[in-house]
Amino acid sequence: MIQEATNPQAAIPSVDKMLRAPLLADALEAHGRPAVTDAVRTVLASLRRGLMAGEPVETEDAAIAARISAVLAALAQPSLVRVFNLTGTVLHTNLGRAPLPQAAIQAMVAAAGACNLEYDLDKGARGDRDSHLEPLLQRLTGAEAVTVVNNNAAAVLLVLNALAQDRSVLVSRGELIEIGGAFRIPDIMARAGCRLHEVGTTNRTHLRDFAGGIGEDTALLMKVHASNYEIQGFTAAPAEADLAKLAHENDLPFVVDLGSGALADLAEYGLPHERTPAETLADGADVVTFSGDKLLGGPQAGLIVGRKDLIDKIRKNPMKRAMRLDKVTIAALEAIFRLYADPDKLPERLPTIGLLARPAAEIAAVAQRVLPAVARALEGIAWTETVSCRSQIGSGSLPVDLLESTALSIRPLKEGRGAGGVVTKIAEAFRALPAPVIGRVQDGAFLLDLRCLEDEAAFTAQLGKIDLS
Ligand SMILES: *Cc1c(COP(=O)(O)O)cnc(C)c1O
């Protein structure tokens with residue numbers, strides 16, 4: 001029944017009437033009374049506005065109930081959903097960085113309820129949350145002691161505040177970096193209450209620059225891994241071992257922010273070698289910080305390893321309490337550190353290593369298998385073909401090293417003006433799928449880098465839902 005707008009209000013049922021309607025009984029059970037009441041009010045208000053404006057409006061109870069159910073269903077959609085990361089950046093910060101291994105997921109589920117987070121089961125007394133990780137990370141890095149916080153940015157802030165508050169920290173001008181998400185070394189220094197003492201120049205810093213910079217108020221020497229950029233050409237930086245020696249001759253600690261910090265030798269998997277915390281400590285660093293969710297392949301965390309007296313001082317800093325790790329994250333890290341005990345099996349057990357080391361031929365085979373389904377879904381709109389491409393590691397790791405891969409290139413059939421709009425529409429349609437597919441637009445085509453596609457069945461099963469109308 002289409003209601004004419006003669007007496008608009010009379011056609012609209014009351015909120016109470018709708019809430020009592022058997023049509024909404026299931027919705028009340030599923031979503032609860034407050035949410036359903038809100039949805040009823042929203043839908044009735046929009047009907048009223050429609051009638052006032054003289055628009056034709058459906059006012060049958062069934063039609064109204066259907067609109068209410070649609071509003072509720074939309075509200076019930078989780079905000080955080082699984083996506084297919086086909087961007088070609090394996091550790092994509094916006095897409096949650098490292099995908100976690102099954103072993104970690106199981107450990108997280110087990111720890112989700114009550115667990116012995118800070119409880120010593122032998123003594124029946126209070127324990128320490130770092131104790132679950134310390135022995136494992138000691139073995140993997142050779143460190144005397146270990147502590148963990150929420151992320152590496154927190155780790156750097158905490159280390160600087162604990163070891164250098166109100167004093168100065170020597171850093172090379174070439175390492176005053178900014179990492180995505182507003183992490184800038186000079187700002188972190190200021191917030192940690194330290195004075196930044198820059199030495200050397202942007203492209204060349206020598207050991208003598210550090211030596212000349214050491215003064216009464218120097219608290220420590222610091223090295224920051226350049227992560228997301230590389231200075232090429234006429235460059236110089238002192239070796240870590242020499243910086244450590246210089247620091248120790250002056251009774252100062254040498255602190256290294258490694259950024260990614262791989263726990264295994266990546267060269268074993270055919271990848272470029274990335275400095276490990278073990279190597280950095282062996283070269284004389286006193287404290288090393290690194291991320292949990294970069295090359296390590298774990299959850300978001302900041303790991304701090306090094307000399308026992310310094311780690312003790314860091315642990316006692318009140319900021320440590322404000323940055324402590326949650327039980328579920330500790331559970332995941334513990335499981336992942338155990339995987340590192342058998343480096344040969346890492347490519348099959350730890351997704352980050354598995355995806356980075358995935359053979360180019362295997363990715364090409366994935367492309368051949370999924371090509372027909374994608375081509376079919378875009379028939380009449382776009383031409384789909386396989387192209388070779390390069391994936392990157394991401395998260396500032398090894399920025400200049402690109403990995404050989406294969407992508408599906410999706411190009412609109414219509415060329416010239418308006419083709420760019422079609423590419424954008426195609427990208428949107430892939431993002432709108434139940435498990436959104438994220439690719440990248442490059443040179444007028446939508447590219448899906450297949451390095452990180454593992455669940456091919458789930459990927460192709462939803463392609464029929466692509467809507468380009
Ligand atoms: C990534 C990175 C950080 C920040 O680490 P998060 O774990 O993202 O907080 C700090 N320093 C360096 C050198 C990095 O590469």
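All values reported here derive from a predicted model rather than from experimental measurement.

Enquirer: Outline the environment of L333, listing residues and values.
Expert: Among the secondary structure elements, L333 is positioned in helix α14 (residues 327-339). Exposure remark for L333: the relative accessible area of 0% places this residue in the buried category. The spatial distance from the C-alpha of L333 to the C-alpha of D293 is 9.8 Å, given a sequence separation of 40 residues. Excluding its chain neighbours within four sequence positions, the residues that come into contact with L333 are L133, P299, A301, L303 and L325.

Enquirer: With reference to specific residues and values, describe helix α7 (residues 152-164).
Expert: Taking 1.5 Å per residue as the helical rise, α7 with its 13 residues ought to reach 18 Å, and the 17 Å between its terminal C-alpha atoms agrees with that figure. For α7, a buried count of twelve out of 13 residues is recorded, marking the element as mostly surrounded by other parts of the structure. Within α7 the residues assigned to the buried category are N152, A154, A155, V156, L157, L158, V159, L160, N161, A162, L163 and A164. At the N-terminal boundary of α7, the capping side chain belongs to N151, with an oxygen 3.3 Å from the backbone nitrogen of A153. Immediately beyond the C-terminal end of α7, within one or two residues, lies D166, with a positive phi of roughly 65 degrees.

Enquirer: Give me the pattern of salt bridges: which residues, what numbers.
Expert: Scanning the model with the defined rule gives 24 salt bridges in all. Measuring nitrogen to oxygen at the nearest pair gives 3.9 Å for the salt bridge that ties E118 to R324. With a gap of 206 residues between them, E118 in the loop between α5 (102-111) and β4 (119-120) and R324 in the loop between α13 (318-322) and α14 connect regions that are remote in the sequence. Among the residues examined, E118 registers a relative accessible area of 24% and is labelled partly exposed. For R324, a relative accessible area of 31% gives the class partly exposed. One salt bridge connects R195 with D217, and the closest N-O pair in it is separated by 3.0 Å.

Enquirer: An account of the nonpolar core is requested, with residue identities and associated values reported.
Expert: Judged by nonpolar contacts, the single largest core of 55 residues is most densely connected at L221 and F337. It is α14 that provides the largest number of residues to this core, a total of seven residues. Counting residues domain by domain, this core receives three or more from each of domain 2 (84-93 + 354-465) and domain 3 (102-349). Not counting chain neighbours up to four residues away, the residues in contact with F337 comprise L133, L136, L137, L140, L263, L296 and L303. Of all hydrophobic cores here, the second largest spans 33 residues; its members include V171, I185, V224 and L310.

Enquirer: An account of helix α12 (residues 308-316) is needed here, citing residue identities and associated values.
Expert: Within α12 the residues assigned to the buried category are L310, I311 and I314. Along the long axis of α12, the arc covered by the buried residues comes to 100 degrees, so they all point the same way.

Enquirer: Give a detailed account of the side chain of T329, specifying residues and quantitative values.
Expert: The residue T329 is located in helix α14 in this model. According to the relative accessible area criterion, T329 is buried, its value standing at 14%. Those residues in contact with T329 that lie beyond four places of it in its chain are P299, Q300 and A301.

Enquirer: Now, about the packing of aromatic side chains: what can you tell me, with residues and values included?
Expert: Applying the stated criterion to the full structure yields two aromatic pairs. Between the aromatic rings of F84 and F459, the centroid separation amounts to 5.7 Å while the plane-to-plane angle is 75 degrees, which identifies the pairing as edge-to-face. Separated by 375 residues along the polypeptide, F84 in strand β3 (residues 84-85) and F459 in helix α19 (residues 456-461) bring together distant segments of the chain. Here F84 matches F459 in class, with each residue buried. On the numbers, 5.3 Å between centres and 45 degrees between planes, the contact of F430 with F446 is tilted. Here F430 is found in helix α18 (residues 419-431), whereas its partner F446 is found in strand β19 (residues 445-449), with 16 residues between them in sequence. Of the two residues examined, F430 and F446, each falls in the buried class.

Enquirer: Requested: an account of the pairing of strand β13 (residues 287-291), with residues and values cited.
Expert: Buried residues dominate β13, accounting for five of its five residues. Going residue by residue along β13, you find V287, T289 and S291 tucked away on one face and V288 and F290 tucked away on the opposite face as well. Here strand β12 (residues 254-259) pairs with β13 via four bridges, running parallel. Following the sheet pairing, V256 is matched in β13 by V288. A crossover connection joins β12 to the parallel β13 through helix α11 (residues 277-282); in handedness this β-α-β unit is right-handed. Of the pairings in the sheet, the one linking β13 to strand β14 (residues 302-306) comprises five bridges and is antiparallel in character. For F290, the partnering residue across the bridge sits in β14 and is L303.

Enquirer: Which residues make up the packing of α7 against α12, and what values do they have?
Expert: At a minimum axis separation of 9 Å, α7 and α12 run at an interaxial angle of 105 degrees. With respect to their mutual orientation, α7 and α12 come out roughly perpendicular. The segment α7 lies against α12, with L158, V159, A162 and L163 engaging L310, K313 and I314. For the contact of α7 with α12, the per-class residue count stands at six nonpolar, no polar and one charged.

Thresholds, definitions, all that
Residues numbered from 1 in each chain as written. Predicted model: local features only at pLDDT ≥ 70, side-chain atom pairs only at ≥ 80, totals over all residues. Heavy atoms only, no water. Helix = DSSP H or I, 4+ residues; strand = E, 2+ residues; numbered from the N terminus. Buried < 20%, exposed > 50% of the residue type's maximum accessible area, 1.4 Å probe, protein only. Contact = heavy atoms within 4.5 Å. Expected span 1.5 Å × (residues − 1). Polar contact = N/O pair within 3.5 Å; in protein donor to acceptor, adjacent residues only side chain to side chain. Salt bridge = Lys/Arg side-chain N within 4 Å of Asp/Glu carboxyl O. Core = buried A, V, L, I, M, F, W, Y, C linked by side-chain atoms within 4.5 Å. Domains from an automatic or database assignment. Arc of directions from axis to C-beta. Phe/Tyr/Trp six-rings, centres within 6.5 Å; stacked < 30°, edge-to-face > 60°. Pairing = 2+ DSSP bridges. Right-handed = clockwise from strand over helix to strand, strands pointing away. Axes fitted to C-alpha atoms, helices over the stretch in contact; angles between N-to-C directions. Parallel < 35°, antiparallel > 145°, perpendicular 65-115°, else oblique. Nonpolar A, V, L, I, M, F, W, Y, C, P; charged D, E, K, R; others polar.

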